[in-house]
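Letter by letter, the chains look like this.
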Amino acid sequence: MTLDFRSWAASALEDLRAKGPLIHHIANLVTLNDSANAVLSLGALPIMAHALEEVPHITKKAGALVLNTGTPTPESFQAMLAAGRCANDLGIPVILDPVGVGSSPLRREGVSSLLENLTLAAIRGNLAEIQFIVQGKGDLAGVEAKGDLDLTGRIALAREGARSLRTVLAITGSWDVVASSKQTFIVQNGHPLLRRVTGTGCMATSVLAAFLALEQGPLPAAAALAFYGLAGERAAQRAKGPGSLKTALFDELYNLAPKDAKECRVERRD
Amino acid sequence: MTLDFRSWAASALEDLRAKGPLIHHIANLVTLNDSANAVLSLGALPIMAHALEEVPHITKKAGALVLNTGTPTPESFQAMLAAGRCANDLGIPVILDPVGVGSSPLRREGVSSLLENLTLAAIRGNLAEIQFIVQGKGDLAGVEAKGDLDLTGRIALAREGARSLRTVLAITGSWDVVASSKQTFIVQNGHPLLRRVTGTGCMATSVLAAFLALEQGPLPAAAALAFYGLAGERAAQRAKGPGSLKTALFDELYNLAPKDAKECRVERRD
Amino acid sequence: MTLDFRSWAASALEDLRAKGPLIHHIANLVTLNDSANAVLSLGALPIMAHALEEVPHITKKAGALVLNTGTPTPESFQAMLAAGRCANDLGIPVILDPVGVGSSPLRREGVSSLLENLTLAAIRGNLAEIQFIVQGKGDLAGVEAKGDLDLTGRIALAREGARSLRTVLAITGSWDVVASSKQTFIVQNGHPLLRRVTGTGCMATSVLAAFLALEQGPLPAAAALAFYGLAGERAAQRAKGPGSLKTALFDELYNLAPKDAKECRVERRD
């Protein structure tokens, strides 16, 4: 399947660049600049808008909607729900990034309400966040993952979550696992230094949303994470630490070409 | 006029560096860090403050006030109005950046209210934003411009807006057009890669405000955009993509010297 | 004492890297991304959370709490008070960064209320901010310091503040002064170009908090500022201006090693 995947991924990137979908983010205040730059660098268009008064007007023009719970308030959860319902009504894919979901009742209840009320095209999180969402547990230290689970365990978790939540579930880490109820992909692209830069998870979600704006499913999600991980690898080669890694990451997202799909290391596991 | 302009612009930059005016921003949450760094790099002082309870106290100490509608709420528009009225009472120039004005009723009505109630020293936007403000129309895709209009059309639009809104109107793009009711300038400095970095429009507005803090009118506005565009060109020469462009942009704003005015490509069109 | 200090500082950095304490920030919207990256680069874990509904839940898991008044609202002061009380109840150190304290009644009264109601492990500010807090005066131009006072004057001010406010007081500038009621340290590391990057003060506070999470007192505070200043010096050597300085600063925080303590220039003055 590798050959097929690569040719599919090359076309998907080409299509993304040609269409430049608008990605509406109700974003994390820590990383909204980073997500906007990731989307712009990749070749799509970001818009960040969070006021309840305007979110449906913005969402209805978007190709995808990202909901990020990194700096939540009761008002931001209301806005996420309103924007998400609008997106669901119009068939616009909604992607959830449940940042730090287990950290407080506000986040737990807010995310629960999003899961209950919205149809999600994908959820992307680190291991601890996805464990919390799927199994109600997880070792959360701030917004960074500390949990441990081997690849087999992660695959089982992703599949369980994909089935029970009826969505595409992406667990990112040293290897990314992407599962729907029918398919599972492993993505090996990436670099450990990305963990020392805030927002690299949020940016992965934004890149994922840009691909899902064109086509939904686990395959586009895996392609998005592979291209993003590849940009991260290349950035890490040029970097002297987390600061120059972040700068280079935007450069490499911009410089990704369809032919780079041959460096995407994606494997199907069914 | 070119020779005169360059000698005037050189003095203006020298003056800005000597006086370091304080620029109060009621800013966009996506780009407030970038605007603060642009102002600091250039040689002025930024302050970002948005709470209704404190904005007049901040504005009254400032050399200029920037109002940016990029992530608006009803409360932020209230604060903009209060700060703007304070600035008008004290003769402090107010510069409006109507980010994404056509995207939602909240932005449309908020910007309308600012236009009706405040005297503005300048408005800077992309083509779509200015078309919306001046003519009530425009093709808005998120906060990025998609509209198209040739240079003659942009000049006519800027002049029409400057007259009807009684302000200096700056349309930035591949060429910038700056008009008052009496004068028009074309600024050719800049680089297309700037469009792949979020906040490059907001930073242009911040730089413009720093120059208008010292002297109002279309000439200082054109000088500001020329110096900013020149810094962008130099940054682009060093850059490998949008990430390194942004990093280099702050360096080049800092490294601008009065003698660089000879590289400002500004033309008067009356 | 220099030899002792260096060996102590080397161990402290090693300990910080081994334990990776979680630092909860109720942060400034301008610099929250920078503070998060500084903490991550150094080897600790950041979490930014500001909603009154969740701050106590976040604080109770943290190793230290940072309160930054850079973009205040009445709600953010309420959240700071609630989080601070929770931290005080649990013995978690609270570090205050009173950004722009003299700029408005909102900041003045908000900071007063924090000083009256909370036990603070440390306060870090520029000269003008500390003068305002300790003596009720200071020449404040935005959030940047303009005041002037020689080293002897700064030492006297820091000691007076440390005694009257019963905390560790850190005045940062070309030389940093750190005082408790019993000890005073001078830190000579640092670089003047840091002043041309927004958030370098906020990041100093975040680094300080990461050290105080492990051990309180003026010695850890001085070690934190010395390591941070050293990273700044090294970054400045590589930089072509404020943009590349900021990028390099995160790299150098990441690359700091315990053995670098021998380049910490800290002096005790009793």
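Above this text is the structure in question.
Keep in mind the model is a prediction, meaning the values are calculated, not measured. (Residues numbered from 1 in each chain as written. Chains lettered and ligands numbered in written order. Predicted model: local features only at pLDDT ≥ 70, side-chain atom pairs only at ≥ 80, totals over all residues. Heavy atoms only, no water.)

Enquirer: What is the right way to look at the packing of aromatic side chains in this model?
Expert: For any pair of aromatic rings, the description rests on two quantities: the centre-to-centre distance and the angle between the ring planes. All names here are of chain A. On inspection of all chains with the given rule, the structure shows three aromatic pairs over all chains. With a centroid separation of 5.9 Å and 15° between ring planes, the pair formed by Phe211 and Phe227 is classed as stacked. Taken together, the residues span a long stretch of sequence, with Phe211 in helix 8 (residues 200–212) and Phe227 in helix 9 (residues 218–238) at a distance of 16 residues. The two residues Phe211 and Phe227 agree in class, both being buried. (Phe/Tyr/Trp six-rings, centres within 6.5 Å; stacked < 30°, edge-to-face > 60°. Helix = DSSP H or I, 4+ residues; strand = E, 2+ residues; numbered from the N terminus. Buried < 20%, exposed > 50% of the residue type's maximum accessible area, 1.4 Å probe, protein only.)

Enquirer: Mind showing me how you'd approach the relation of the copies chain C and chain B here?
Expert: Turning one copy of the chain about an axis and sliding it along that axis gives the other copy, so a rotation and a shift relate them. Turning chain C through 120° and shifting it by 0.0 Å along the axis lays it on chain B, with an RMSD of 0.0 Å. What we have between these two chains is a three-fold relation. The two copies present different faces, since only 6% of the interface residues in chain C are matched by interface residues at the equivalent positions in chain B. (Least-squares fit on C-alpha atoms with pLDDT ≥ 70 in both. Contact = heavy atoms within 4.5 Å.)

Enquirer: Would you mind showing me how to read the environment of Ala27 of chain C here?
Expert: Residues and elements named next belong to chain C. Mapped onto the elements, Ala27 comes out in the loop between strand 1 (22–26) and helix 2 (32–42). Distance in space between the C-alpha atoms of Ala27 and Val66 is 7.3 Å, their sequence separation being 39 residues. Excluding residues within four positions of it along the chain, Ala27 makes contact with Leu32, Met48 and Asn68.

Enquirer: Would you mind showing me how to read the side chain of Thr172 of chain C here?
Expert: All names here are of chain C. Inspection of the secondary structure assignment puts Thr172 in the loop between strand 8 (168–171) and strand 9 (176–179). The class for Thr172 is buried, based on a relative accessible area of 16%. With sequence-adjacent residues up to four places away left out, Thr172 is seen in contact with Arg124, Gly125, Asn126, Leu127, Arg154 and Leu225.

Enquirer: In this structure, what is going on with the relation of the copies chain B and chain A? I would like to understand it.
Expert: Once turned by 120° and shifted 0.0 Å along the axis, chain B lies on chain A with an RMSD of 0.0 Å. Interface overlap between copies is the fraction of interface residues in one copy that are interface residues in the other; for chain B against chain A it is only 6%, indicating separate surfaces.

Enquirer: I tried to follow the sheet that holds strand 10 (residues 184–187) of chain B on my own but got confused; where do I start?
Expert: Strand pairing within a sheet occurs via backbone hydrogen bonds; the two strands may be parallel or antiparallel. Residue and element names in this part refer to chain B. Judged by pairing direction, the sheet is mixed, and its nine strands sit side by side in the order 2-1-3-4-5-8-9-10-11 without closing on themselves. Edge positions in the sheet fall to strand 2 (45–48) and strand 11 (266–268), since each of these pairs with one other strand and no more. The mean angle between the axes of side-by-side strands here comes to 20°, regardless of whether they run parallel or antiparallel. With four bridges joining them, strand 3 (residues 64–68) and strand 4 (residues 94–97) adopt parallel strand pairing. Bridge pairing links Val66 to Ile95 in strand 4. Its contacts with the sheet put helix 9 (residues 218–238) on strand 8 (168–171), strand 9 (176–179), strand 10 and strand 11, and the angle it makes with strand 10 is roughly 5°. (Pairing = 2+ DSSP bridges. Axes fitted to C-alpha atoms, helices over the stretch in contact; angles between N-to-C directions.)

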